[in-house]
Amino acid sequence: MCGGTGTRLWPLSRKSYPKQFARLLSARSLFQEAASRVQGDGFAAPLVVSAVDYRFIVTEQLVDTGIDPGAVLLEPEPRNTAPAVLAAATWLARTAGPEALMLITPSDHAVTDPDAFRARIRAGIPAARAGALVLFGITPTHAETGYGYLEPEGLAEAQGGAVPLRSFVEKPDADQARALLEGDRHLWNSGLFLFTAQTILEAFAAHAPDLCAPVTAAVDGVRHDLGFARLDPDPWQTVAGISLDYAVMERARNLSVLRLETPWSDLGNWDSVAQHSPRDGNGNALGGDAMALDCTGTLLRSETGGRQTLVGLGLKDIIAVAMPDGVLVTHRDRAQDVGQAVAALRRSGHPQADQFPRDHRPWGSFESLVVGPRFQVKRIEVKPGAALSLQSHMHRAEHWIVVSGTARVTIDDAVSLVPENGSIFVPIGARHRLENPGKVPLTLIEVQTGSYLGEDDITRYDDVYARR
């Protein structure tokens with residue numbers, strides 16, 4: 001599942017490019033790490049459920065990791081985890097059979113021992129085949145209010161195999177969380193689940209029947225598009241948004257729990273990122289071009305591509321994350337509340353609330369470097385063999401300067417190759433297309449001039465990615 005937005009990790013995570021696709025702890029994204037963990041003996045190709053807007057990011061990151069997905073189901077609109085799981089179960093029951101085992105794994109978890117992770121998943125298979133909904137629990141380390149809590153019939157027994165669940169507590173307040181921690185009988189709910197497709201379909205029919213008809217209709221009406229499976233938007237818009245925990249897990253009686261014995265985090269906020277990042281002798285976690293002077297327990301990250309140096313001086317327990325278009329500074333105690341800042345930015349109309357400074361497209365990406373009255377400067381990167389749509393603009397002209405690689409440029413009826421250090425002008429209203437015919441990435445600088453520079457000033461005549 002990789003359709004979430006991760007607002008508590010703003011400004012690195014945004015609606016247009018959320019945290020699961022970011023490189024938070026390693027050279028690979030959380031999504032790539034999650035997909036890699038479920039490879040090898042006993043694992044089929046992953047079935048991915050994602051939002052429409054992320055479809056090309058999903059396939060690009062899987063290809064870069066050498067993973068071929070079994071299918072990519074696209075949600076027309078976000079509806080939380082229960083409809084996503086129900087759609088996947090319906091799809092899997094039809095394509096692999098009702099007894100197929102389903103491992104539900106979010107795409108934004110950090111797991112440092114993949115071998116131990118896979119071993120614990122396999123330990124849950126007997127209970128899942130016997131008809132249990134298997135939940136994976138984490139030994140609590142502090143009184144966390146952001147997780148649900150699981151009480152197994154026996155905490156020690158859950159270390160071996162799956163045991164029945166005694167109680168389920170969904171996201172307690174601070175006092176209740178402290179009591180659960182001190183009672184030493186509960187595990188955190190990891191959000192990982194294992195069951196057969198038939199078992200979870202029966203659970204939905206028993207405990208959330210209102211979801212079944214519209215989700216089934218959305219799967220029935222799937223439209224295949226460029227390798228994606230688009231769920232039918234008409235029945236999907238009637239589906240209620242609800243989490244799997246609320247819809248099924250808190251009501252079902254065939255629940256079993258297994259302790260996940262490996263370091264784990266859902267990386268839900270910047271404090272958890274700091275805890276799982278390499279730290280210096282003073283407990284400081286640094287990322288990018290960042291420097292800590294006389295600081296303790298800080299997280300300093302510069303995500304500006306080397307354009308800005310972030311320096312912390314005399315700080316204690318502070319989080320500072322710098323992006324080209326926004327900077328977050330907060331105490332680690334308030335890391336859970338960063339979503340409030342995003343909500344405030346949305347209310348005030350700041351595009352930084354949701355729009356990532358680099359816009360990822362199926363052919364590559366672009367980012368704005370300078371914006372002024374009647375002009376804008378962008379850096380554009382086009383993947384080898386990729387092509388932008390044949391298009392025109394009513395209000396702007398464009399001047400392209402090739403920095404590296406070779407561009408094939410179509411302007412009305414003329415086609416030309418523009419080499420490195422070359423340039424070409426695209427007049428207002430001209431039909432044009434940019435392509436990368438080479439085997440290395442194409443990088444160019446685009447200078448736009450005109451009365452209106454919005455991305456919606458575009459008319460497409462032909463597009464290999466079937467965009468409108």
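Residues numbered from 1 in each chain as written. Predicted model: local features only at pLDDT ≥ 70, side-chain atom pairs only at ≥ 80, totals over all residues. Heavy atoms only, no water.

### A word on the pairing of strand β3 (residues 101-104)
Then, in step 1: Along β3, the buried face is formed by Met 102 and Ile 104; none of Leu 101 and Leu 103, which line the opposite face, is buried.
Then, in step 2: Sheet analysis places β3 next to strand β8 (residues 187-196), joined by four bridges and oriented antiparallel. Across the sheet, residue Met 102 finds its bridge partner in β8, namely Phe 195. (Buried < 20%, exposed > 50% of the residue type's maximum accessible area, 1.4 Å probe, protein only. Helix = DSSP H or I, 4+ residues; strand = E, 2+ residues; numbered from the N terminus. Pairing = 2+ DSSP bridges.)

### Section: the packing of helix α3 (residues 81-95) against helix α7 (residues 197-207)
Then, in step 1: Close contact between α3 and α7 brings their axes to 9 Å; oriented N to C, the two are set at 135°. Classed by the angle they form, the pair α3 and α7 counts as oblique. Like other packed secondary-structure pairs, α3 and α7 cross with a definite hand, here left-handed. Contact residues: α3 offers Ala 82, Val 85, Leu 86, Ala 89, Thr 90 and Ala 93, while α7 offers Ala 197, Ile 200, Leu 201 and Phe 204.
Then, in step 2: When its residues are assigned to classes, the contact of α3 with α7 shows nine nonpolar, one polar and no charged. (Axes fitted to C-alpha atoms, helices over the stretch in contact; angles between N-to-C directions. Parallel < 35°, antiparallel > 145°, perpendicular 65-115°, else oblique. Left-handed = near helix turned anticlockwise from the far one by under 90°. Contact = heavy atoms within 4.5 Å. Nonpolar A, V, L, I, M, F, W, Y, C, P; charged D, E, K, R; others polar.)

### Quick look at the side chain of Thr 199
Then, in step 1: Its place among the elements puts Thr 199 in helix α7.
Then, in step 2: Using a relative accessible area of 9% as the deciding quantity, one classes Thr 199 as buried.
Then, in step 3: With near-sequence residues (within four places) excluded, Thr 199 lies in contact with Gly 131, Ala 132, Leu 133 and Asn 254.

### Some thoughts on the domain arrangement of the protein
Then, in step 1: Looking at the protein, the domain boundaries give domain 1 (25-265), domain 2 (270-348) and domain 3 (358-462).
Then, in step 2: Each of domain 1 and domain 3 was reduced to a C-alpha centroid, and the two centroids are 41 Å apart. (Domains from an automatic or database assignment.)

### With respect to the UniProt feature "domain: Mannose-6-phosphate isomerase type II C-terminal" (unreviewed entry) in the protein
Then, in step 1: The UniProt record annotates "domain: Mannose-6-phosphate isomerase type II C-terminal" (unreviewed entry) at residues 356-463.
Then, in step 2: For residues 356-463, helix accounts for 0% and strand for 59%, while the C-alpha atoms at its two ends are 24 Å apart. (UniProt positions renumbered as here; feature names shortened; annotations may be inferred.)

### Topic: the packing of aromatic side chains
Then, in step 1: This model, assessed by the stated rule, comprises eight aromatic pairs.
Then, in step 2: Between Phe 21 and Phe 31, the aromatic rings sit 5.6 Å apart at their centres with planes inclined by 75°, giving edge-to-face as the arrangement. Linking Phe 21 in the segment before α1 (30-37) with Phe 31 in helix α1, this pair joins segments that are ten residues apart in sequence.
Then, in step 3: Three or more aromatic residues joined by ring pairs make a cluster, and in this case those are Tyr 17, Phe 21, Phe 31, Tyr 54 and Phe 356.
Then, in step 4: Over the aromatic face of Phe 117 sits the side chain of Arg 37, whose NZ or CZ is 5.6 Å from the ring centroid.
Then, in step 5: Arg 431 extends its terminal NZ or CZ atom over the ring of Tyr 461, reaching a point 3.6 Å from the ring centre. (Phe/Tyr/Trp six-rings, centres within 6.5 Å; stacked < 30°, edge-to-face > 60°. Lys NZ or Arg CZ within 6 Å of the ring centre and 35° of its normal.)

### What about the packing of α7 against helix α8 (residues 209-220)?
Then, in step 1: Contact geometry of α7 with α8 gives a least axis separation of 5 Å together with a crossing angle of 120°. Taken together, the axes of α7 and α8 lie oblique to each other. Note on element contacts: α8 touches α7 through Pro 209, Leu 211 and Cys 212, opposite Phe 204, Ala 205, Ala 206 and His 207.
Then, in step 2: Residues of the contact of α7 with α8, tallied by class, amount to six nonpolar, one polar and no charged.

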